[in-house]
Amino acid sequence: FLEQALEDRGESVRREAAQLLTRLTTSPQALLLLARADELLQYENGKLTVALPASIEKAWIHDVTMLKPTENESTSKSYWLHQALSRVPPIHWEERFSASPSKILIAIGESEWSSEVANALAAAAILHTNTRWFSPLMDWYTQRAEASPSNNEDVSSYYALLSRLPQQEAEDRVRQQLARQDYSLQSVRQLPTPWSDKFSVDCLQSLKDHYHA
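The structure presented is a predicted model; accordingly, all values stated were derived computationally and were not measured.

Caption draft 1: Expanded view of the packing of aromatic side chains. All chains considered together, the criterion is met by seven aromatic pairs. Here Trp93 and Phe97 contribute two aromatic rings whose centre-to-centre distance is 5.6 Å and whose plane-to-plane angle is 20°, an arrangement assigned as stacked. Residue Trp93 and its partner Phe97 are located together in helix 6 (residues 91-97), separated by four residues, close to a single helical turn. Per residue, the accessibility class of Trp93 equals that of Phe97, and both read buried. Centroid distance Trp140 to Tyr141: 5.3 Å. Interplanar angle 80°. Geometry classified as edge-to-face.

Caption draft 2: Molecular detail of the pattern of salt bridges. According to the stated counting rule, one finds eleven salt bridges in the structure shown. With a closest N to O distance of 3.8 Å, Glu39 and Arg36 form a salt bridge. Here Glu39 and its partner Arg36 are both found in helix 3 (residues 28-40), three residues apart, which amounts to about one turn of the helix.

Caption draft 3: Here's a closer look at the nonpolar core. Leu85, Trp93 and Val117 are the most contacted members of the largest nonpolar core, which has 54 residues in total. If you tally residues by element for this core, the top one is helix 8 (residues 114-127), at six residues. Beyond its immediate chain neighbours, meaning those up to four positions away, Leu85 contacts Ala37, Leu40, Leu41, Trp93, Val117, Ala120 and Ala124.

Caption draft 4: Quick look at the packing of helix 11 (residues 167-179) against helix 13 (residues 197-212). Two elements in contact, helix 11 and helix 13, have axes whose closest approach is 10 Å; the angle formed by their N-to-C orientations is 15°. With respect to each other, helix 11 and helix 13 are oriented roughly parallel. Helix 13 is crossed by helix 11, and the crossing has left-handed handedness. For the pair formed by helix 11 and helix 13, the contact residues are Glu171, Val174, Arg175 and Leu178 on the first element and Lys198, Phe199, Asp202, Cys203 and Ser206 on the second. Classifying every residue of the contact of helix 11 with helix 13 by side-chain character gives four nonpolar, one polar and four charged.

Caption draft 5: Fine view of helix 4 (residues 58-65). Turning to helix 4, its buried residues number three or more, namely Trp60, Ile61, Asp63, Val64 and Thr65. Looking at the packing, one finds that the buried side of helix 4 touches helix 2 (11-23), helix 3 and helix 5 (77-85). Looking at the residues trailing helix 4, positive phi occurs at Met66, about 70°.

Caption draft 6: Broad picture of unusual backbone geometry. With an omega of 0°, the peptide bond running from Thr193 to Pro194 counts as cis. Position of Pro194 among the secondary structure elements: in the loop between helix 12 (185-190) and helix 13. At Asn45, a position not held by glycine, the phi torsion is positive, near 50°. As for its position among the elements, Asn45 is in the loop between strand 1 (41-44) and strand 2 (47-50). Judged by its relative accessible area of 77%, Asn45 is exposed. A positive phi angle, close to 50°, is found at Ser98, a residue other than glycine. In this structure, Ser98 sits in the loop between helix 6 and helix 7 (101-108).

Caption draft 7: Geometry of the pairing of strand 1. In this structure, strand 1 lies alongside strand 2, joined through four bridges in antiparallel fashion. Residue pairing for strand 2: Leu41 is matched across the bridge by Val50. In this antiparallel pair of consecutive strands, strand 1 and strand 2, the connection spans two residues, and Asn45 shows a positive phi of 50°.

So, how was this worked out
Residues numbered from 1 in each chain as written. Predicted model: local features only at pLDDT ≥ 70, side-chain atom pairs only at ≥ 80, totals over all residues. Heavy atoms only, no water. Phe/Tyr/Trp six-rings, centres within 6.5 Å; stacked < 30°, edge-to-face > 60°. Helix = DSSP H or I, 4+ residues; strand = E, 2+ residues; numbered from the N terminus. Buried < 20%, exposed > 50% of the residue type's maximum accessible area, 1.4 Å probe, protein only. Salt bridge = Lys/Arg side-chain N within 4 Å of Asp/Glu carboxyl O. Core = buried A, V, L, I, M, F, W, Y, C linked by side-chain atoms within 4.5 Å. Contact = heavy atoms within 4.5 Å. Axes fitted to C-alpha atoms, helices over the stretch in contact; angles between N-to-C directions. Parallel < 35°, antiparallel > 145°, perpendicular 65-115°, else oblique. Left-handed = near helix turned anticlockwise from the far one by under 90°. Nonpolar A, V, L, I, M, F, W, Y, C, P; charged D, E, K, R; others polar. Pairing = 2+ DSSP bridges.

These values are about where atoms sit, not about what they do.
Below, the structure written as C-alpha cells:
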C-alpha cells in the first residue's frame, strides 16, 4: 500500500508514504537508504569521518528520498548528508560501529561536518524515537555551546530534544542552566506543562537572585 502511495499524484501523499516507509526499517526502500547512508560515515580508531559522494546523482537522490527526483532538486552535499542520516535509526550506528551514542558523538570531534552529522542524528533520534540518544546529544550540544556559540540549527535541535524529554529530566536540565545564570527563556518555553511546584519555585528564586545581582 505504501509503495503504491509513492506514485500518488499528491505530493503530500508521496512524502508521507516515504516517511512511513523510512520507519519500516526492513522495507526494501529503507534498506536502500541504509546502504547509501553507510557510504557516508566511517568509524575507525575512535574517529568518525564523512565521505560524501563526488556528485549527487538522481539514483542517489531516489534511494535517499524514496521519491522520483524533480528537475530542480538541490545538489547541496550538506543538504543530502542531512537527508540521508536523518532518516536512519541511530541504533544502526551503535550496531555497525559497536559503540555507544556518547562514543559516537565524541568521535565526531570538531570536523568540518560535525554540526551537520549531530543535527541529522538528533532528527533521526526523534523520528525513530531512539530516546537513549537524547541525553548524549544534548550533552554534546551543551559542551559545544560552552566552547563556542552554537549556530541556530544546533540550538533548534537542542530545543527539539528538550521538548521530548520526560518532565523531571527536562526540568533538571533547565535547572542546571538557571544555576549557572545561563538564562534561556526559549529553554523554559520548551518544557512540558504544567511545571512541577519545585521547578516553578526554583525558577522564581533564580530570577530574584539574578535581578538582585
